[in-house]
Amino acid sequence: MKIMPPPEGEFVHKASLLLRLARALNLGRSGAVRGARVRLSRGEVKLTLQAKPRATVDLELWAVEKEKDYFREVFGRELSAAAA
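Draft legend 1. The arrangement of helix H1 (residues 6-25) in detail. An ideal rise of 1.5 Å per residue puts 28 Å on 20 residues; H1 measures up with 29 Å between its terminal C-alpha atoms. Those residues of H1 not exposed but buried are Gly-9, Leu-17, Leu-21 and Ala-24. Looking straight down H1, one finds that the buried residues subtend no more than 115° of arc, so they occupy a single side. Opposite the buried face of H1, by more than 90 degrees, sit the exposed residues Phe-11, Leu-19 and Arg-23.

Have a look at this one:
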């Protein structure tokens, strides 16, 4: 990362974070997340997870919660997540 020019390194950090969030949304590997809605509100990113019938997304919400600090570092915005 240190040898990459700053703009390219920034893209790598953003891509890495998005992959980490994608992994978090499939953490249980049960396919519990049916969909997700992202909204930007006053500089905060709100992620709402929609669970499949008879499924919970508690594990996925926990995993997204663990990425909040890195999200703030990379995007300069707060991230919140909830179930629909």
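Draft legend 2. Region of interest: the packing of H1 against helix H3 (residues 68-75). The geometry of H1 relative to H3 is characterised by a closest axis approach of 10 Å and an angle of 155° between their N-to-C directions. By the angle class used here, H1 and H3 are roughly antiparallel. Our pair here, H1 against H3, has a crossing hand that is left-handed. Each of His-13, Lys-14, Ser-16, Leu-17, Arg-20 and Leu-21 in H1 lies in contact with H3, whose residues at this interface are Tyr-70, Phe-71, Val-74 and Phe-75. Here the residues of the contact of H1 with H3 sort into six nonpolar, two polar and two charged.

Thresholds, definitions, all that
- Residues numbered from 1 in each chain as written.
- Predicted model: local features only at pLDDT ≥ 70, side-chain atom pairs only at ≥ 80, totals over all residues.
- Heavy atoms only, no water.
- Helix = DSSP H or I, 4+ residues; strand = E, 2+ residues; numbered from the N terminus.
- Expected span 1.5 Å × (residues − 1).
- Buried < 20%, exposed > 50% of the residue type's maximum accessible area, 1.4 Å probe, protein only.
- Arc of directions from axis to C-beta.
- Axes fitted to C-alpha atoms, helices over the stretch in contact; angles between N-to-C directions.
- Parallel < 35°, antiparallel > 145°, perpendicular 65-115°, else oblique.
- Left-handed = near helix turned anticlockwise from the far one by under 90°.
- Contact = heavy atoms within 4.5 Å.
- Nonpolar A, V, L, I, M, F, W, Y, C, P; charged D, E, K, R; others polar.

The quantities given are spatial measurements derived from coordinates; they are silent on function.
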